[in-house]
Amino acid sequence: MAAILLAGGAGYIGSHTAVELLNAGYAVIVADNYANSSPEAIRRVEEITGKQVKLYEADIRDDKKLLEIFRENQIDAVIHFAGLKAVGESVAKPVMYYRNNIDTTLSLLEAMQETGVKNIIFSSSATVYGEENSVPYTEEMKRGVCTNPYGWTKAMTEQIFEDAAKADPSLSVVLLRYFNPIGAHPSGRIGEDPRGIPNNLMPYVTQVAVGKRECLTIFGHDYPTKDGTCTRDYIHVVDLAKGHVKAVDYVLRHNGTEIFNLGTGTPYSVKEIVESFERVNAIKLNHVYGNRRLGDLAEFYANADKAERLLGWKTEKTLDDMCRDAWNWQKQNPDGYRKSN
Ligand code: NAD
Ligand code: WQD
């Protein structure tokens, strides 16, 4: 049974990936400093799967601790989720973002070099396509000019991995460019648990629905899109997690660097999200139309053909599934993991 180290694995995408890896028969080791998560998520991963996770509280930048983890375990591949991800915060605190997101990468690569681990998957983002590329995005497009420090950390990290794989031909790197992950595990036991006011659309929607926030503001209604609101490639987090299982199978059998978009290939608008959420959950969502948000693109979505062709992966869940599961998680856990039930 191959063992996979999930750096930052207690977070939103990491915890869902842990479930799918355990279900697929992999051993899972998680290292996280809980900068944006809680060990409770991993307890619930164990509850859902009936399997154990080896859990370390560790900052990935702590080289000594990281090396201990690599030496204590026979690690076959690493998935690097460990990063700060709030776009607005990255503009206000760029040094903190570069320090965390780049140093975690360098520490992982050094520990891998030291212990002979050759396989790594990185959580990149559609944001690296920048503003210049036209939709749908395909993997061979050049990385664009990013609009914020968070985006630059993803673009720079991709470059670091590409250089490392060029220098060491035995290294195997998979760069996964996620589009807009939303939803939660259908059990409602794990999900997205943002701290403070949510930056992203779906947690804002669910917090309005549960009565924690007054009203959703839809940012802009005069975009050149099907209904005037922005469109995005929303992807169910369980589909995304299953994409990681396929990426692990792939990274273990190849060398060099490969990039994959993980998206559905179908854009939906903010208005369609609100409509689907209201319909499938039989809830009225308090919302108003407001100004555009600075830095938002009118639309972006994936061409997801490469992942289907090379990984044998494509999404299965619908927008209604995403809206239903997001609400199921929020209503069962109005305060996220802080008040466990
Ligand atoms: P998340 O914040 O829920 O998970 C990130 C995890 O990394 C958290 O558990 C956090 O505590 C941990 N972490 C951060 N810095 C660390 C450090 N120095 N040492 C140890 N642990 C550390 O975010 P997520 O949504 O699960 O995202 C996972 C990854 O995917 C991130 O790198 C993010 O940038 C990337 N990504 C996310 C999205 C999205 O919309 N959610 C989209 C594209 C890319
Ligand atoms: C989605 C849509 C908003 C909140 C971000 C990052 C990107 C990636 C995914 C990490 C947009 C609209 C939102 C609200 C709204 N993350 N919206 N009212 O901006 O597409 O992407 O997360 O890599 O890098 O930039 O996601 O969820 O913030 O917004 O109308 O209160 O919802 O304008 O059209 P975004 P989002």
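Here's what I pulled together on the structure shown here. The structure displayed is predicted, hence computed values, not measured ones.

So, about a negative patch on the surface. Residues Asp-62, Asp-63, Glu-68, Glu-72 and Glu-110 make up a contiguous surface patch of negative charge. By secondary structure assignment, the location of Glu-72 is in helix α3 (residues 63–72). Classification of Glu-72 as partly exposed rests on a relative accessible area of 49%.

Moving on, we come to the sheet that holds strand β14 (residues 299–300). As summarised here, the arrangement of the three strands in space is β12-β9-β14, forming an open sheet in which the pairing is mixed. What marks the edges here is a single partner per strand, and that holds for β12 (268–269) and β14.

Attention shifts here to the packing of aromatic side chains. Using the criterion set out here, one finds eight aromatic pairs in the structure. Arranged with centres 6.3 Å apart and planes meeting at 55 degrees, the rings of Phe-179 and Phe-300 form a pair that is tilted. Of the two residues, Phe-179 sits in the loop between β6 (172–178) and β7 (180–182) while Phe-300 sits in strand β14, which places them 121 residues apart along the sequence. A single burial state applies to Phe-179 and to Phe-300, both of which are buried. Feature note: the residues Tyr-129, Tyr-137, Phe-179 and Phe-300 constitute an aromatic cluster, connected by ring pairs.

This next bit is on the pattern of salt bridges. Under the defined criterion, the tally for this structure stands at 23 salt bridges. Residues joined by salt bridges that share partners form a network here, namely Glu-40, Arg-43, Arg-44, Glu-47 and Arg-189.

Interhelical geometry of helix α7 (residues 201–209) versus helix α9 (residues 270–281) gives an angle of 40 degrees and a closest axis separation of 12 Å. Note on packing geometry: the crossing formed by α7 with α9 is right-handed. Along its contact with α7, which presents Leu-201, Met-202, Val-205, Thr-206 and Ala-209, the element α9 presents Val-270, Ile-273 and Phe-277. Here the contact of α7 with α9 is built from residues that sort into seven nonpolar, one polar and no charged.

Rules and cut-offs
- Residues numbered from 1 in each chain as written.
- Chains lettered and ligands numbered in written order.
- Predicted model: local features only at pLDDT ≥ 70, side-chain atom pairs only at ≥ 80, totals over all residues.
- Heavy atoms only, no water.
- Patch = residues over 30% accessible without salt bridge, like charges linked within 9 Å, V, L, I, M, F, W, Y side chains within 5 Å.
- Areas by Shrake-Rupley, 256 points an atom, 1.4 Å probe, with all protein chains shown as cover.
- Salt bridge = Lys/Arg side-chain N within 4 Å of Asp/Glu carboxyl O.
- Lys, Arg positive; Asp, Glu negative; His and termini not counted.
- Charge placed at Lys NZ, Arg CZ, Asp CG, Glu CD.
- Helix = DSSP H or I, 4+ residues; strand = E, 2+ residues; numbered from the N terminus.
- Buried < 20%, exposed > 50% of the residue type's maximum accessible area, 1.4 Å probe, protein only.
- Pairing = 2+ DSSP bridges.
- Phe/Tyr/Trp six-rings, centres within 6.5 Å; stacked < 30°, edge-to-face > 60°.
- Axes fitted to C-alpha atoms, helices over the stretch in contact; angles between N-to-C directions.
- Left-handed = near helix turned anticlockwise from the far one by under 90°.
- Contact = heavy atoms within 4.5 Å.
- Nonpolar A, V, L, I, M, F, W, Y, C, P; charged D, E, K, R; others polar.

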